[in-house]
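Architecture and fold: a report
The chain contents come next:
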Amino acid sequence: MGLTSQSLEYTVVVLAVACVVATVWLWPRLSRRGVGPVLGRLGAIVVTQLSIVCALALAVNTSFEFYGNWDELLGNNDKAPVSVSQGGGQYAAVGNMKGGLIQPAGPQGLDRVTGLPKGPADKVGKVESVRIIGRRTRAINPGFVYLPPQYFQQQFRRQRFPVMVVISGYPGGIMNLAQHLQVPQNAGRLIAQGKMQPTVIVMVRPTIAPPRDTECVDVPGGPQAETFFTKDLPDAMKSAYRVGHDPSAWGAFGYSSGGTCALQLAMRNPKAYTSAVSLSGDYAIKDDLTTGSLFGAGPAGAQREREHDLLWRLKNLPAPQISALVASSRKGEADYGDTMKFLHAAKSPMTVDSIILPQGSHQFATWRREVVPALEWQSQQLTFPQDTQAVAPPRKPGAGGGKGGAPGKVTGTPKAPATGDDKGRRRVEAERPQG
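In this report, we go over the structure that sits alongside the text. It should be emphasised that the depicted structure is a prediction, and the values quoted were computed from it without experimental measurement. (Residues numbered from 1 in each chain as written. Predicted model: local features only at pLDDT ≥ 70, side-chain atom pairs only at ≥ 80, totals over all residues. Heavy atoms only, no water.)

What follows covers the overall build of the protein chain. Helix and strand content of the protein chain: 12 helices and 9 strands. With 435 residues in all, the protein chain has 50% of them scored as buried. Summing over all exposed atoms, the protein chain offers an accessible surface of approximately 19600 Å²; the carbon and sulfur share of this is 57%. (Helix = DSSP H or I, 4+ residues; strand = E, 2+ residues; numbered from the N terminus. Buried < 20%, exposed > 50% of the residue type's maximum accessible area, 1.4 Å probe, protein only. Areas by Shrake-Rupley, 256 points an atom, 1.4 Å probe, with all protein chains shown as cover.)

Turning our eyes to something else, we now look at the packing of helix H6 (residues 183–192) against helix H12 (residues 364–381). Look at H6 against H12: their axes get within 10 Å of each other, and the N-to-C directions meet at 55°. Comparing their axes, H12 and H6 come out oblique. The crossing of H6 and H12 is right-handed. Side by side, H6 and H12 meet where Val-183, Asn-186, Ala-187 and Leu-190 of the first sit next to Val-371, Val-372, Leu-375 and Glu-376 of the second. Per-class residue counts for the contact of H6 with H12 are 6 nonpolar, 1 polar and 1 charged. (Axes fitted to C-alpha atoms, helices over the stretch in contact; angles between N-to-C directions. Parallel < 35°, antiparallel > 145°, perpendicular 65-115°, else oblique. Left-handed = near helix turned anticlockwise from the far one by under 90°. Contact = heavy atoms within 4.5 Å. Nonpolar A, V, L, I, M, F, W, Y, C, P; charged D, E, K, R; others polar.)

What follows deals with the environment of Leu-343. With respect to the helices and strands, Leu-343 occurs in helix H11 (residues 336–345). As a C-alpha pair, Leu-343 and Asp-353 span 10 residues in sequence and 7.9 Å in three-dimensional space.

This part is about the nonpolar core. Residues Phe-229, Leu-233, Met-237, Tyr-241, Tyr-273 and Phe-342 are the most contacted members of the largest nonpolar core, which totals 52 residues. Ranked by residues supplied to this core, first place goes to helix H7 (residues 225–240) with 7 residues. Those residues in contact with Leu-233 that lie beyond four places of it in its chain are Ile-132, Val-165, Val-202, Val-204, Phe-228, Trp-250 and Tyr-273. Counting 35 residues, the second-largest nonpolar core is a separate cluster that includes Val-127, Ala-178, Val-183 and Leu-279. (Core = buried A, V, L, I, M, F, W, Y, C linked by side-chain atoms within 4.5 Å.)

What follows is about the packing of aromatic side chains. Each aromatic ring pair is characterised by the separation of its centres together with the angle its planes make. Enumeration over the complete set of coordinates arrives at 11 aromatic pairs. For the ring pair Phe-156 and Phe-161, a centre distance of 6.1 Å and an interplane angle of 40° mean the geometry is tilted. Residue classification places Phe-156 among the partly exposed positions, given a relative accessible area of 21%. Joined through ring pairs, the aromatic side chains of Tyr-151, Phe-152, Phe-156, Phe-161, Tyr-241 and Phe-384 make up one cluster. Sitting over the face of the ring of Tyr-151, Arg-242 holds its NZ or CZ atom 4.2 Å from the ring centroid. (Phe/Tyr/Trp six-rings, centres within 6.5 Å; stacked < 30°, edge-to-face > 60°. Lys NZ or Arg CZ within 6 Å of the ring centre and 35° of its normal.)

Spatially, 9 strands are ordered S1-S2-S3-S5-S4-S6-S7-S8-S9 in an open sheet, and the strand pairing comes out mixed. Looking at the sheet topology across the chains shown, the edges are occupied by strand S1 (102–104) and strand S9 (351–359). Averaged over all neighbouring strand pairs, the angle between strand axes comes to 25°, with direction disregarded. Its contacts with the sheet place H11 against strand S8 (323–331) and S9, and it is angled at close to 145° to S8. Of the strands in this sheet, strand S4 (163–167), strand S6 (250–255), strand S7 (275–279), S8 and S9 are in contact with H12, which crosses S7 at around 170°. (Pairing = 2+ DSSP bridges.)

Moving on, we get to H7. Count 3.6 residues to each turn of an α-helix, and residues three or four apart come out pointing the same way. The first and last C-alpha atoms of H7 sit 21 Å apart over 16 residues, in line with the 22 Å expected at 1.5 Å per residue. Where H7 bends most, at Asp-232, the angle is about 35°, and the proline Pro-234 comes one to four residues later. (Expected span 1.5 Å × (residues − 1). Bend = angle between axes of the 7 residues up to and from the residue.)

For H11, the full list of buried residues reads Thr-339, Met-340, Phe-342 and Leu-343. For H11, the arc enclosing every buried residue in end-on projection is 160°, short of the 170-degree limit, so these residues lie on one face. Structurally, H11 contributes buried residues whose contacts are with helix H8 (257–268), helix H10 (310–316), S8 and S9. (Arc of directions from axis to C-beta.)

Positionally, Thr-274 belongs in the loop between H8 and S7. For Thr-274, a relative accessible area of 18% puts it in the buried group. Engagement of the side chain of Thr-274 in a polar contact is seen with the backbone oxygen of Pro-247, the distance being 3.1 Å. Leave out the neighbours within four places in its chain, and Thr-274 touches Pro-247, Ser-248, Trp-250, Ile-322 and Ser-323. (Polar contact = N/O pair within 3.5 Å; in protein donor to acceptor, adjacent residues only side chain to side chain.)

Here we take up unusual backbone geometry. The omega torsion of the bond from Pro-210 to Pro-211 falls at 5°, within 30 degrees of zero and hence cis. Note the cis peptide between Ser-348 and Pro-349, where omega equals 10°. Counting through the fold element by element, Pro-349 comes out in the loop between H11 and S9. Phi at Cys-216 takes a positive value of approximately 55°, unusual for a residue other than glycine. Here the phi dihedral of Ser-256 falls at roughly 55°; this positive angle occurs in a residue that is not glycine.

Per the counting criterion, the structure on display carries 7 salt bridges. One salt bridge in this structure joins Asp-338 and Lys-341, with 4.0 Å as the shortest N-O distance. In this pair, Asp-338 and Lys-341 both sit in helix H11, 3 residues apart, roughly one turn of the helix. We classify Lys-341 as exposed; its relative accessible area is 51%. (Salt bridge = Lys/Arg side-chain N within 4 Å of Asp/Glu carboxyl O.)

Side-chain direction in a regular strand flips from residue to residue, so the side chains alternate between the two faces of the sheet. Burial of strand S5 (residues 200–204) is extensive: 5 of the 5 residues sit out of reach of the surface. Neither face of S5 is open: one carries Val-200, Val-202 and Val-204, the other Ile-201 and Met-203, and all of them are buried. Pairing geometry for strand S3 (residues 140–147) and S5, over 3 bridges, is antiparallel. Paired with Val-145 across the strands is Val-202, a residue of S5. Direction of pairing for S4 relative to S5: parallel, over a ladder of 5 bridges. By the bridge assignment, Met-164 is partnered in S5 with Ile-201.

Okay, structure coming up:
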């Protein structure tokens, strides 16, 4: 049974309940004096406590995905060299790649998500559960890949598609993107309604070295998270799927720590991502207990830390030619002040839109209000690739299977170069909840 599988979770919970029941039932017999009864009581307490702790730990890990499989938990990470799949311009199906950079994985919790596409892929699309392998970083990250219906349709058989890299918060994982934010479900509805262009969406977590929070930073002498997101992940996707090769077809999107990553990736690497969406993200990266030392010591470390402060970058460095959408709330979110500073600091050729809710908080109830208009917004920023693949064989099946008021609404102007006093700023106000 997989570490995040439903069957394991249910089994451990049943065992924990059985241990509690057995302890209560046997306690009168163990209440007598003597070495045997004393040892029996101690054993019953230890076994019961361990079973309850294991059940809780498994539930927490399943929810936040600190460890995606038994090998990660035990530290048995595969470090064997990997190869790039070559095929004369052809893209191999995920279920057909041996030693490739995108490999099929087990459900990784996908079997517990409701509302995913069911039916012919060319009618409803498909979500694949995969492992993404970094050729440079040797990182192995779990992911879900959403493929729109058009990806499988005959008239699009040679077409490449734009890509959104959607990043979860920390602690958290790809399950939160599919289950709580319902990214593939919302994207499917928007594409069907003509409000979003057909887009391939890859859903990943922000850390490449769990349980450490790597914050999409290349750590000196440590995990190279920025390299993974800007080089390894795009290379892997291009090796396995018909996706655009030009940066204009690539956007980063995230909430909380994932939103921080999305902004950092686009502003620091505009030749990898030309748009970013940040829902409640931060504008600077700092060391804490979960990150450890991200930048190193001395003057060089201090400079690396400054370069990951986006307000410092806007003040001291040329603005990148990207578009960004940031979201916050006037009441209830700690990042509102920095969000307004970021909006005012933005300058041409960078353009920035915003979703500002009257009231919200750092939780999924808020992000669910923002995710639909944010998906629509980023779709408008991405260029649908004009280049096509020479030959595209049919894909073989891959692996794997509210509350909070009215949704936020983008009301800004269409994408256009920023000029004059607006300094690249455009505002997107959220609809005020009814009632």
